[in-house]
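Results of the structural survey
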Amino acid sequence: MKYRLLKIWICVLVLFMTGCSGGSNSTKEPAEAAADRSPAVAETEEPQESDRQKTLYNNPIDEYFLPKIQSRGKCEAEIRGYQDNYKHVWKEEFENLTKWLRKKCIYEEDKENIIAIEKSVSEYIERSKAVISTELLDTYEVNPNPKKGKDMVPRNSYWGTGTRSRLNQIEGEIYRDTCMRIICLYGAETEYKFRKVDYSEAKE
């Protein structure tokens, strides 16, 4: 398990690289290539969602929350509530997954690796939220540390009513991506079981 974290991100990079390198090696002229293409072939070349992507995001949490978060028939307050709870549920699922992984460990070094990835995810979330909130609100000219500058107002004072909830959703997505890549790339989707909870009662 010592090198599993490295293997995860190597696999992720390979998936992204292969997904973006869809160029053709054909030397035919454009007109000739178009003439050779039958309607049946053209139909099969329509972009499709990959099986891998479907597997990564085929989970009960997204199935419950995303249609509600993306719904145009709900008021902003309802959507913000779902965004906040989305983060809460995925954070608990991440903690449950790492607890499940620790139970499988025999050696202390493997347990330390799991603790390290928990810390890394937490640090990544804080850095990501800082960068994303600055970009969302365009507060690059506001001193991030008002105690050391002329500005005495912190950046988060510029947050609107939906900023915190949007950042919570992003935090939930980071927990989700980490969980699903561990589950799918380790082939553990048949072993790990999501918690059986009522997501409608989840609270921040």
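It should be noted that the structure appears before, not after, this text.
None of the values given here were measured: they were computed from a predicted structure.

**Quick notes on the packing of aromatic side chains**
Considering all chains together, one arrives at nine aromatic pairs under this definition. Ring geometry for Phe65 against Tyr86: centres 5.8 Å apart, planes inclined by 75°, an arrangement best described as edge-to-face. Separated by 21 residues along the polypeptide, Phe65 in helix 5 (residues 60-69) and Tyr86 in helix 6 (residues 76-104) bring together distant segments of the chain. When its relative accessible area of 0% is taken as the criterion, Phe65 is described as buried. On the basis of relative accessible area, Tyr86 is assigned to the buried category, the value being 0%. Relative to Tyr192, the ring of Trp100 has its centre 5.3 Å away and its plane inclined at 70°; by these criteria the two rings are edge-to-face. Of this pair, Trp100 sits in helix 6 while Tyr192 is found in the segment after helix 8 (163-185), placing the two residues 92 residues apart along the sequence. A relative accessible area of 4% means that Tyr192 is categorised as buried. Taken together, Tyr64, Phe65, Tyr82, Tyr86 and Tyr199 form an aromatic cluster joined through their ring pairs. Here Lys68 stacks its cationic end above the ring of Tyr64, 4.0 Å away from the centre of that ring.

**A short note on helix 7 (residues 108-137)**
With 30 residues, helix 7 should cover 44 Å at 1.5 Å per step; its first-to-last C-alpha distance of 44 Å lies within 8% of that length. Along helix 7, the positions that sit buried rather than exposed are Asp110, Asn113, Ile114, Ile117, Val121, Ile125, Ser128, Lys129, Ser133 and Thr134. Taken from the residues just after helix 7, Asp138 is the one with a positive phi, measuring 55°.

**A few points about the side chain of Gln169**
Tracing the sequence through the fold places Gln169 in helix 8. There is a polar contact of 2.8 Å between the side chain of Gln169 and the side chain of Gln83. Once residues within four sequence positions are removed from consideration, Gln169 is found in contact with Ile69, Gln83 and Tyr86.

The rules behind these values
- Residues numbered from 1 in each chain as written.
- Predicted model: local features only at pLDDT ≥ 70, side-chain atom pairs only at ≥ 80, totals over all residues.
- Heavy atoms only, no water.
- Phe/Tyr/Trp six-rings, centres within 6.5 Å; stacked < 30°, edge-to-face > 60°.
- Helix = DSSP H or I, 4+ residues; strand = E, 2+ residues; numbered from the N terminus.
- Buried < 20%, exposed > 50% of the residue type's maximum accessible area, 1.4 Å probe, protein only.
- Lys NZ or Arg CZ within 6 Å of the ring centre and 35° of its normal.
- Expected span 1.5 Å × (residues − 1).
- Polar contact = N/O pair within 3.5 Å; in protein donor to acceptor, adjacent residues only side chain to side chain.
- Contact = heavy atoms within 4.5 Å.

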